[in-house]
Amino acid sequence: MRTIARKSLYFLFLASTTSAFTISPSGVQSSIPCKSSIVLQSAPVESFEQEVDYQQPEDAVILIKPKAMQRLRELREKEKKDSLVLRMGVRNGGCSGLSYVMDFSKEEDIQEDDAVDEYPDEKIKCVVDAKSMLYLYGLELDYSDELIGGGFKFFNPNAEESCGCGSSFGV
């Protein structure tokens, strides 16, 4: 028997030369005689949602999820800075028409009409320009450390379509 763990499912593969079994969480349910077979059974796995260990701004433009916050903390420490200013926005381009832009910035580059989500205990500011705010309001920023497709992930409730890579969207 071989078990492969995926995000929300466990896949159990059973191969037998005499019978095939369907498996439930309580054990074997039935046996079907056959020469050779592979049976696929899936069972839900608990979601491992991280607990929020920081104070979120009351009316945040962008909701930073715990994994993304942890990665931002690591980046702040790596940059050896007292604070981190993360500028997020959109630009024309990408598979779906608009693409996400995310980069480090400086305190002095924050404009008067920028929306600023401040995380004072984390010494992190998330800055969004006025034009991009229309597209990014309510966006959830998450982080994945998967080998393929890892990095920051954008979940945008305003997007009517998005590309497979997740770095562009359309409204």
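Residues numbered from 1 in each chain as written. Predicted model: local features only at pLDDT ≥ 70, side-chain atom pairs only at ≥ 80, totals over all residues. Heavy atoms only, no water.

**Q** How should the pattern of salt bridges be read in this particular structure?
**A** Tallied over the entire structure, the rule returns 6 salt bridges. Two residues, Lys-65 and Glu-140, come together in a salt bridge whose shortest N-O distance is 3.9 Å. Here Glu-140 lies in strand E11 (residues 139–144) and Lys-65 lies in the loop between strand E6 (62–64) and helix H1 (66–79), a separation of 75 residues in the sequence. Across the salt bridge formed by Arg-73 and Glu-122, the nearest N and O atoms sit 2.6 Å from each other. Of this pair, Arg-73 sits in helix H1 while Glu-122 sits in the loop between strand E9 (115–119) and strand E10 (124–128), placing them 49 residues apart in sequence. By relative accessible area, which is 11% here, Arg-73 ends up buried. For Glu-122, a relative accessible area of 10% translates into the label buried. Each of the salt bridges in this network shares a partner with another, and the network as a whole consists of Asp-53, Arg-73 and Glu-122. (Salt bridge = Lys/Arg side-chain N within 4 Å of Asp/Glu carboxyl O. Helix = DSSP H or I, 4+ residues; strand = E, 2+ residues; numbered from the N terminus. Buried < 20%, exposed > 50% of the residue type's maximum accessible area, 1.4 Å probe, protein only.)

**Q** Which parts of the structure should I look at to understand the pairing of strand E12 (residues 151–155)?
**A** Sheet analysis places E11 next to E12, joined by 5 bridges and oriented antiparallel. Residue Tyr-143 lies in a different strand from E12, and its bridge partner there is Phe-152. The loop that links E11 with its antiparallel partner E12 comprises 6 residues; one of these, Gly-149, has a positive phi angle of about 80°. (Pairing = 2+ DSSP bridges.)

**Q** Can you help me understand the side chain of Ser-132 in this one?
**A** Relative to the helices and strands, Ser-132 resides in helix H2 (residues 130–136). Apart from the residues lying within four places of it in its own chain, the contact partners of Ser-132 are Gly-89 and Val-90. (Contact = heavy atoms within 4.5 Å.)

**Q** Just checking my understanding: could you explain the sheet that holds E11 for this structure?
**A** In any sheet, the strands associate via hydrogen bonds between backbone groups, in a parallel or an antiparallel arrangement. Read from one edge of the open sheet, 3 strands run E6-E11-E12, paired in mixed fashion. What marks the edges here is a single partner per strand, and that holds for E6 and E12. Pairs of neighbouring strands in the sheet enclose a mean axial angle of 30°, with direction left out of account. Packed on one face of the sheet, H1 meets E6, E11 and E12 and runs near 65° to E11. (Axes fitted to C-alpha atoms, helices over the stretch in contact; angles between N-to-C directions.)

**Q** I'm lost on the nonpolar core in this one. Help?
**A** For soluble globular proteins, nonpolar side chains are generally found buried alongside one another. Judged by nonpolar contacts, the single largest core of 23 residues is most densely connected at Ile-62, Ile-64, Leu-72, Met-88, Leu-136, Leu-139 and Leu-141. Listing elements by their share of this core, those giving two or more residues are E6, H1, strand E7 (84–92), E9, E10 and E11. (Core = buried A, V, L, I, M, F, W, Y, C linked by side-chain atoms within 4.5 Å.)

**Q** What's the story with the packing of aromatic side chains in this structure? I'm lost.
**A** Aromatic ring pairs are defined here through the distance separating the ring centres and the angle between the ring planes. Applying the stated criterion across every chain, the model contains 3 aromatic pairs. Taking 6.1 Å as the distance between ring centres and 65° as the angle between the ring planes, the aromatic pair formed by Tyr-54 and Tyr-119 counts as edge-to-face. Taken together, the residues span a long stretch of sequence, with Tyr-54 in the loop between strand E5 (37–44) and E6 and Tyr-119 in strand E9 at a distance of 65 residues. Judged by relative accessible area, Tyr-54 falls into the buried class, the value being 8%. (Phe/Tyr/Trp six-rings, centres within 6.5 Å; stacked < 30°, edge-to-face > 60°.)

Coordinates in, geometry out; function isn't part of it.
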